[in-house]
Amino acid sequence: MTQRFLVTGGAGYVGSHLVAALIAEGADVVVIDDLRQGHRVAITAPAELIVGDLADPAARAAAFARGPFAAIFHFAALSLVGESMADPLRYFRENVGNGIALIGDAIGHGVNRFVLSSTANLFGGDVEIPITEQAALLPSSPYGESKFMLERVLAWADRVHGLKSACLRYFNAAGADPSGRLGEDHDPETHLIPRAIDAALGRAPELVVFGTDHPTPDGTCVRDYIHVTDLASAHLAALARLDHGSVAYNLGNGAGHSVREVIAMVEAVSGRRVPHRFGPPRAGDPPTLVASSARIQEETGWRPRFPELRDIVRTAYAWRLAHPDGYR
Ligand code: UDP
């Protein structure tokens, strides 16, 4: 029988890539998205869209009326570290509040598998690199804390109600669907790779590098960029694993790249200069975040198809060239 899935935030960047992967597998997909960040045209047909806010019980009821669902993938959330440092309570209200409501509905409707978009921002302080799932959880921002809280809620939802969950801690999602149909379109765009590309194309002001005195080899922050298509396939791999019990996986490529290295790669791929200047560090930014994804690889056989930074930047650049105004 065809399986039916609910994807919250399925019109957003990572969610839309997962919806495409589910549709390619022949699944039925229902998306709930308030389209604040998501784009209607990013949803792969024949997925069904319910426009609504998870905070609204009527919108959630409309989504669950389209069930029963074999699993829920929960992407819809606020996701900006800087914004969360300025307004922490909003992050707890929206991310934690809506997440708890959704988990409660899942339990009430007999859904027994749940996949949460979590984050590398769970890890901070003096964490050993690469970061394994054994590392202490010490969120460095209210955004990370909000995801940490939902991971704990899910642990109890399993213990008490038997809801099996996968918490997927994305490191830096980047790149674009290699077919060229889907890509990254945030407003405002805060992420390094699309900002550097837009600066190279002359579509954005010069890039500001956030800090040059971090304790890293070249003084700029080091991140582990993972291709969005590989993130999508990791969701399917993690879902299949839930028959063995709940899991948490760190998702990256195990390779760190500094901001300077990313700028150099955008210049190499585009053949253009990335105008940039050096500015102060951004609050809440840990100097280095690099994942060990050994656990998901061992337990599910998942492998990234696009582990190289060059391919990540190449697909992001191709998408931007073809869609200079994003989905508009
Ligand atoms: N960054 C930067 N300038 C920018 C945007 C980002 O120097 O305009 C840096 C940021 O400090 C971080 C890295 O690039 O070290 C990746 O940032 P991004 O916002 O893409 O993802 P995050 O690591 O915050 O999830």
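Before reading on, note that the structure itself is shown above.
The notes below deal with the structure included here. (Residues numbered from 1 in each chain as written. Predicted model: local features only at pLDDT ≥ 70, side-chain atom pairs only at ≥ 80, totals over all residues. Heavy atoms only, no water.)

Over the atoms a probe the size of a water molecule is rolled, and this reveals where empty space is left. Taken as a whole and judged by the stated rule, the model has 1 cavity of 30 Å³ or more. Approximately 80 Å³ is the volume attributed to the largest cavity. Within the residue set of the lining of the largest cavity, elements represented by two or more residues are helix H6 (192-200) and helix H10 (309-322). Among the residues forming the lining of the largest cavity, the class breakdown is 6 nonpolar, 1 polar and 3 charged. (1 Å grid on protein atoms, 1.4 Å probe; cavity = no way out; pocket = protein on both sides within 12 Å on 5 of 7 lines; lining within 4 Å. Points joined across faces, edges and corners; volume = space filled by probe spheres on them. Helix = DSSP H or I, 4+ residues; strand = E, 2+ residues; numbered from the N terminus. Nonpolar A, V, L, I, M, F, W, Y, C, P; charged D, E, K, R; others polar.)

Taking 1.5 Å of rise per residue, 21 residues should cover 30 Å, and helix H4 (residues 88-108) covers 29 Å from first to last C-alpha, within 8% of that figure. Along H4, the residues classified as buried are Tyr91, Glu94, Asn95, Val96, Asn98, Gly99, Leu102, Ile103, Asp105 and Ala106. Residues of H4 that are buried in the fold lie against strand E1 (4-8), helix H2 (57-64), strand E4 (71-74), helix H3 (81-86), strand E5 (113-119) and helix H5 (142-161). Positive backbone phi, approximately 75 degrees, marks Gly110, located one or two places after H4. (Expected span 1.5 Å × (residues − 1). Buried < 20%, exposed > 50% of the residue type's maximum accessible area, 1.4 Å probe, protein only. Contact = heavy atoms within 4.5 Å.)

A few words now on the packing of aromatic side chains. For the structure on display, the rule yields 5 aromatic pairs. With a centroid separation of 6.3 Å and an interplanar angle of 85 degrees, the aromatic rings of Tyr91 and Tyr143 are classed as edge-to-face. Taken together, the residues span a long stretch of sequence, with Tyr91 in helix H4 and Tyr143 in helix H5 at a distance of 52 residues. We note that Tyr91, like Tyr143, is buried. Judged by centre distance (6.3 Å) and plane angle (25 degrees), the rings of Phe123 and Phe171 are stacked. Here Phe171 lies in the loop between strand E6 (164-170) and strand E7 (172-174) and Phe123 lies in the loop between E5 and H5, a separation of 48 residues in the sequence. (Phe/Tyr/Trp six-rings, centres within 6.5 Å; stacked < 30°, edge-to-face > 60°.)

Glancing now at the environment of Pro188. Mapped onto the secondary structure, Pro188 falls in the loop between E7 and H6. You can call Pro188 exposed: its relative accessible area is 54%. Separated by 32 residues in the primary sequence, Pro188 and Thr220 place their C-alpha atoms 23 Å from one another.

With that out of the way, let us pick up the pattern of salt bridges. The full count for this structure, using the stated rule, is 19 salt bridges. As a salt-bridge pair, Arg223 and Asp285 come within 3.6 Å of each other at their nearest N and O atoms. Placement of the pair is Arg223 in strand E9 (residues 222-223) and Asp285 in the loop between strand E13 (276-279) and strand E14 (288-289), with a sequence separation of 62 residues. Judged by its relative accessible area of 9%, Arg223 is buried. The salt bridge partner of Arg314 is Asp311, with a shortest N-O separation of 3.1 Å. Taken as a pair, Arg314 and Asp311 lie in helix H10 at a separation of 3 residues, close to a single helical turn. (Salt bridge = Lys/Arg side-chain N within 4 Å of Asp/Glu carboxyl O.)

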